[in-house]
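Observations on chain architecture
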Amino acid sequence: MNSDQTEYKLAWQSFKFYNEQLFKKEDKHIKIVEEVQDFFKENNFPSKKQKQPLKRKYRKSTATLISLYSKLLQEMNILIQIQQNKSLDLEEKINEDDPLSVDIMMMEELSKVTMVLREEMKIEHEQFLEIFDYEN
């Protein structure tokens, strides 16, 4: 395996790692959002003491997701650049179920979707912090 293939394989493994982390963290984030929504249902506003731990948990969750989206985007860009700029024999496989080669157009579309998700998470983060910052 040449250095270009090694670089590509490492980027592919990083992409898979960040993708798996995102799935796990998104599930946890959904539970946190549901917890926040439960607090504010039917105008039952929590006290400052009640909302501070939840606010910290929410902030940490959104910051983690935004960071993971950014890291995933970075790895996607590396994969796209390597495939576009270098002539690699990408028919090699890590194993039968995990080809190294991906369609560049598909990866570019996934990149666009990931950018939208990251931006929407930033907006959600700001909106939720406004809700948390109301005065009791």
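Located above this text is the structure these notes cover.
The following paragraphs examine the structure supplied in this document. Per chain, residue numbering runs from 1 following the sequence as it is written. Owing to the predicted nature of the model, reporting of local features is limited to residues with pLDDT of at least 70; listing and counting of side-chain atom pairs is limited to 80 or more, with chain, interface and lining totals taken over all residues. Only hydrogens and water are set aside when side-chain values are computed; all heavy atoms of the structure are taken into account.

Glancing now at the overall build of the chain. A count of helices and strands for the chain gives three helices and two strands. Ordering the α and β elements of the chain from the N terminus gives α-α-β-β-α. With a 1.4 Å probe rolled over the protein chains alone, any residue whose accessible area is under 20% of its type maximum counts as buried; one over 50% counts as exposed, and the rest are partly exposed. Counting all 136 residues of the chain, 35% fall into the buried class. In short, Shrake-Rupley with a 1.4 Å probe defines the accessible areas, and a residue's cover is counted only from the protein chains shown. With an accessible surface of roughly 9,000 Å², the chain has 51% of that area assigned to carbon and sulfur atoms. Strands here mean DSSP runs of E at least two residues long; helices mean DSSP runs of H or I at least four residues long; both are numbered from the N terminus.

Right, let's get into the environment of Ile 32. As for its placement among the helices and strands, Ile 32 is situated in helix α1 (residues 3-40). Of the residues examined, Ile 32 reaches a relative accessible area of 9% and is grouped as buried. In the structure, Ile 32 is positioned 26 residues away from Tyr 58 in sequence and 6.5 Å away in space, judged by C-alpha atoms. Sequence-distant contacts of Ile 32, defined by excluding residues within four places in its chain, comprise Leu 54, Lys 57, Tyr 58 and Ser 61. Whether two residues are in contact is decided by their heavy atoms, any of which lying within 4.5 Å being enough.

Attention shifts here to a positive patch on the surface. Judged by side-chain charge, Lys 24, Lys 28, Lys 31 and Lys 60 come together as a positively charged surface patch. Within the element layout of this structure, Lys 28 appears in helix α1. Residue Lys 28 is classed as exposed on the basis of its relative accessible area of 51%. Two joining distances apply to patches: 9 Å for like charges and 5 Å for nonpolar side chains (Val, Leu, Ile, Met, Phe, Trp, Tyr), and every residue must have over 30% relative accessible area and no salt bridge. What makes a salt bridge here is a side-chain nitrogen of Lys or Arg within 4 Å of a carboxyl oxygen of Asp or Glu, nothing more. Note on charges: Lys and Arg go in the positive column, Asp and Glu in the negative column, and His and the chain ends are not counted at all. By convention, charge coordinates are those of NZ in Lys, CZ in Arg, CG in Asp, or CD in Glu.

Further remarks concern the packing of aromatic side chains. Aromatic contacts are taken between Phe, Tyr and Trp rings whose centres are within 6.5 Å, Trp giving its six-membered ring; a plane angle under 30 degrees counts as stacked, one over 60 as edge-to-face, and the others as tilted. Under the definition given, this model contains three aromatic pairs. Plain terms: the ring middles of Tyr 58 and Phe 128 are 4.9 Å apart, the flat faces sit at 20° to each other, and that makes the pair stacked. One end of the pair, Tyr 58, is in helix α2 (residues 48-85); the other, Phe 128, is in helix α3 (residues 104-132), with 70 residues separating them in the sequence. Comparing Tyr 58 with Phe 128 shows no difference in burial state: the two are buried.

So, on to the nonpolar core. Counting residues in each nonpolar core, the largest one holds 18 residues, and the members touching the most others are Phe 15, Leu 22, Leu 72, Met 76, Leu 79 and Met 107. For this core, the secondary-structure elements that each account for two or more residues are α1, α2 and α3. In terms of residues, this core owes the most to one element, α2, which gives 10 residues. With residues up to four places along the chain from it excluded, the contact list for Leu 79 reads Tyr 8, Ala 11, Trp 12, Phe 15 and Met 107. Counting residues in each nonpolar core, the second largest holds nine residues, with Val 33, Leu 54, Tyr 58 and Leu 129 among its members. Note on terminology: a nonpolar core comprises buried Ala, Val, Leu, Ile, Met, Phe, Trp, Tyr and Cys residues joined through side-chain atoms within 4.5 Å.

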